[in-house]
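Reading the structure
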Amino acid sequence: MAGKAPMERHQSIDAQLRLLAPGKVSEDDKLVEYDALLVDRFLDILQDLHGPHLREFVQECYELSAEYENDRDEARLGELGRKLTSLPPGDSIVVASSFSHMLNLANLAEEVQIAHRRRIKLKRGDFADEASAPTESDIEETLKRLVSQLGKSREEVFDALKNQTVDLVFTAHPTQSVRRSLLQKHGRIRNCLRQLYAKDITADDKQELDEALQREIQAAFRTDEIRRTPPTPQDEMRAGMSYFHETIWKGVPKFLRRIDTALKNIGINERLPYNAPLIQFSSWMGGDRDGNPRVTPEVTRDVCLLARMMAANLYFSQIEDLMFELSMWRCSDELRIRADELHRSSKRAAKHYIEFWKQVPPNEPYRVILGDVRDKLYYTRERSRHLLTTGISEIPEDATFTNVEQFLEPLELCYRSLCACGDKPIADGSLLDFLRQVSTFGLALVKLDIRQESDRHTDVLDSITTHLGIGSYAEWSEEKRQDWLLSELRGKRPLFGSDLPLTEETADVLGTFHVLAELPADCFGAYIISMATAPSDVLAVELLQRECHVKQPLRVVPLFEKLADLEAAPAAVARLFSIDWYMNRINGKQEVMIGYSDSGKDAGRLSAAWQMYKAQEELIKVAPLIWPFYRSHQTRYTDRFV
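Residues numbered from 1 in each chain as written. Predicted model: local features only at pLDDT ≥ 70, side-chain atom pairs only at ≥ 80, totals over all residues. Heavy atoms only, no water.

Details of the environment of Ala 609
When you line up the elements, Ala 609 lands in helix α24 (residues 605–622). With relative accessibility at 39%, the residue Ala 609 sits in the partly exposed group. In the structure, Ala 609 is positioned 46 residues away from Leu 563 in sequence and 9.8 Å away in space, judged by C-alpha atoms. (Helix = DSSP H or I, 4+ residues; strand = E, 2+ residues; numbered from the N terminus. Buried < 20%, exposed > 50% of the residue type's maximum accessible area, 1.4 Å probe, protein only.)

Quick look at a negative patch on the surface
Residues Asp 200, Asp 204, Asp 205, Glu 208 and Glu 211 make up a contiguous surface patch of negative charge. Mapped onto the secondary structure, Asp 200 falls in the loop between α9 (180–196) and α10 (203–221). (Patch = residues over 30% accessible without salt bridge, like charges linked within 9 Å, V, L, I, M, F, W, Y side chains within 5 Å. Areas by Shrake-Rupley, 256 points an atom, 1.4 Å probe, with all protein chains shown as cover. Salt bridge = Lys/Arg side-chain N within 4 Å of Asp/Glu carboxyl O. Lys, Arg positive; Asp, Glu negative; His and termini not counted. Charge placed at Lys NZ, Arg CZ, Asp CG, Glu CD.)

Side note on the pattern of salt bridges
Taken as a whole and judged by the stated rule, the model has 33 salt bridges. In this structure, the salt-bridge partner of Lys 83 is Glu 60, at a minimum N-O distance of 2.8 Å. In this pair, Lys 83 sits in helix α4 (residues 74–85) while Glu 60 sits in helix α3 (residues 52–71), placing the two residues 23 residues apart along the sequence. A residue is classified by how much of its surface remains accessible, and Lys 83, at 19% relative accessible area, is buried. The exposure class assigned to Glu 60 is partly exposed, which follows from its relative accessible area of 32%.

Structural notes on the pairing of strand β3 (residues 447–453)
Most of β3 sits out of view: six of its seven residues are buried. Bridge count for strand β2 (residues 279–283) against β3 is two bridges, and the pairing is parallel. Among the inter-strand pairings, Ser 282 is bridged to a residue of β3, identified as Lys 447. Inspection of the sheet shows β3 paired to strand β4 (residues 524–530) by five bridges, in the parallel sense. Across the sheet, residue Arg 451 finds its bridge partner in β4, namely Ile 528. (Pairing = 2+ DSSP bridges.)

Things to note about the packing of aromatic side chains
Across all of its chains, the model carries 19 aromatic pairs by this definition. When the centroid spacing of 5.6 Å and the interplanar angle of 25° are considered together, the rings of Trp 610 and Tyr 613 count as stacked. Taken together, the positions of Trp 610 and Tyr 613, both in helix α24 and three residues apart, correspond to about one turn of that helix. Arg 381 extends its terminal NZ or CZ atom over the ring of Phe 316, reaching a point 4.8 Å from the ring centre. (Phe/Tyr/Trp six-rings, centres within 6.5 Å; stacked < 30°, edge-to-face > 60°. Lys NZ or Arg CZ within 6 Å of the ring centre and 35° of its normal.)

What about α10?
For α10, which comprises 19 residues, the first-to-last C-alpha distance of 27 Å matches the rise-based estimate of 27 Å (1.5 Å per residue) to within 8%. Buried within α10 we find Leu 209, Ala 212, Leu 213, Glu 216, Ile 217, Ala 220 and Phe 221. (Expected span 1.5 Å × (residues − 1).)

Points about the nonpolar core
The nonpolar side chains of soluble globular proteins are, as a tendency, buried together. Phe 407, Leu 445 and Phe 524 are the most contacted members of the largest nonpolar core, which has 126 residues in total. Filtering out sequence-adjacent residues up to four positions away, Phe 524 remains in contact with Thr 300, Cys 304, Lys 447, Leu 448, Ile 450, Val 515, Leu 516, Leu 519 and Leu 554. Among the nonpolar cores identified, the runner-up in size contains 31 residues, and Tyr 34, Leu 37, Cys 61 and Val 95 belong to it. (Core = buried A, V, L, I, M, F, W, Y, C linked by side-chain atoms within 4.5 Å. Contact = heavy atoms within 4.5 Å.)

So, the side chain of Gln 590
Mapped onto the fold, Gln 590 is located in the loop between α22 (580–586) and β6 (593–594). In terms of polar contacts, Gln 590 uses its side chain to reach the backbone carbonyl oxygen of Val 556, at 3.4 Å. Engagement of the side chain of Gln 590 in a polar contact is seen with the side chain of Tyr 582, the distance being 2.4 Å. (Polar contact = N/O pair within 3.5 Å; in protein donor to acceptor, adjacent residues only side chain to side chain.)

Brief notes about the pairing of strand β5 (residues 555–560)
The side chains of a regular strand alternate, residue by residue, between the two faces of the sheet. Among the six residues of β5, five are classified as buried, and the element is accordingly described as predominantly covered. Of the strand pairs in this sheet, β4 and β5 are connected by four bridges, and their pairing is parallel. For Ala 526, the partnering residue across the bridge sits in β5 and is Arg 555. Regarding topology, helix α20 (residues 535–547) serves as the crossover connection from β4 to the parallel β5, and that connection is right-handed. Two elements, β5 and β6, share two bridges in a ladder whose sense is parallel. Note on β6: the bridge partner recorded for Phe 560 is Ile 594. (Right-handed = clockwise from strand over helix to strand, strands pointing away.)

Some points on the confidence of the model for the protein chain
The share of residues in the protein chain with pLDDT of 70 or more is 85%, and the mean pLDDT across the chain is 84. Every residue in residues 1–28 is under pLDDT 50, and counting partners more than four places away or in other chains gives 38 contacts. Counting contacts from residues 130–136, a segment whose pLDDT is below 50, to residues more than four positions away or on other chains yields eight contacts. (pLDDT = per-residue confidence, 0-100.)

Structural data, given as structure tokens:
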């Protein structure tokens, strides 16, 4: 076919080198094969869709670009410019789209090549390059270094793992450029590419994978890259949740098993406890209302119920696999008694089950226990779905799981019974993975952080004090605000009733607190106050939580952002720590966030970076018994003290 020789030459040279002198070819040269294959397949598709002339044009431009990148010859760049400006408008759009697609394919090839290189390094144990440690090191290598180079005992390493928590936060990004449809297609292209280069692939497998690869490349090319309507916060949440469904859900137990293996290889013959809080997930999607009027109390309610419904559905999709696995009849007396009780009282409507649609016989006690778990998961999912779609549900709460302890209890019973009967290897299989998922994700999947700007709370309190006839909260000094807030927090009288006049903005703030009171506490993580300046900002949120009857108040986190606020942060936190009521409230734990984004805009990046460093040093002095750990997401890097 016209114009294909350069691509084939790249492939053949690489193939010949590997055949004749494999020791002279770097693993990085796999990238040549991956990239050439994807581009070649795409050019075939382009020819089928738009004809050979456009394929030849795109290939010539591709080769001119590659040659210019190698020799920086201005003549080539000029030739490329003349070719592109000579195109008719319709062809220009196709060519631009083609190059955008080819760049995506090149990135996918590079990702697969990096993964291939990492697997090779893992096999060789080759992690000598300290500069690439964040991406190239592995868990076992890290633990070994802690023991051999830093002098930590194995027990210290194990205790540190059991008692640390990494909080991974999904931030709200309505500007995510790549559509979810394309992300999924790109994932399938990566999978095809990985399988094509497997050592044990047959000729038939290769042909079928090649067809699948071409199909996915064409589907991606035919998919609009641009969202034509702006996403709602609910859309953002669903897009973020897709990562859980496709990757994170099964990735967490696999990661924790890898830690078990690493511990065993350094001499710790004990698994990481399933309830060790090593990883947890939080989200700002549907909770970050700072400057985003589209995030309303109704949106926050929707995303919480959506996440709960998705969590219950993920558990429900796995529970019958676990029932298949735990077919044993031998069990502890404790489990036998529970199974007999459940079997006698069981009156299941079996129509909604595909497997185990009849009542489980009593001589399969684990399945009886897990069948009851399955029922409650079904009703938990359906109740969340009803509340999400209509606002009401006829399913009673006592037919569902309302807290994670209820969910864990029967699973722990099965685990204990298996271990007591000599079946610990079985207990440490899928059941352990399931327990770890429940401990990590709970019933809420992620904890939603609420973020609101400090002045919005000031406006609410100002409307309250004005309505009560005691003055304007907004005009009070910081000392007067603190005194009044503390006197109200120490008292018990309600501050306002239904007659409080509300603007649209103050109703929105109070509506958010009412949602916090309405939904289960495990839906939420922190209440973050952006543009925090003083102790009264924190005390104001504490008072509003109490007034709106939030049963388990969220931890309140001041976010200091502007330069002056960063300078004042240590004194503000010290003042909070001097208040007995507040110290009793936080029980020795305080989280503080400092932001680079607004401080950088306020004072410049260098001044902001220096002030953030000083603020961290001073905050450590204010609270010497607390320690820093980092919370990062795509828009803001913060320090967090707990």
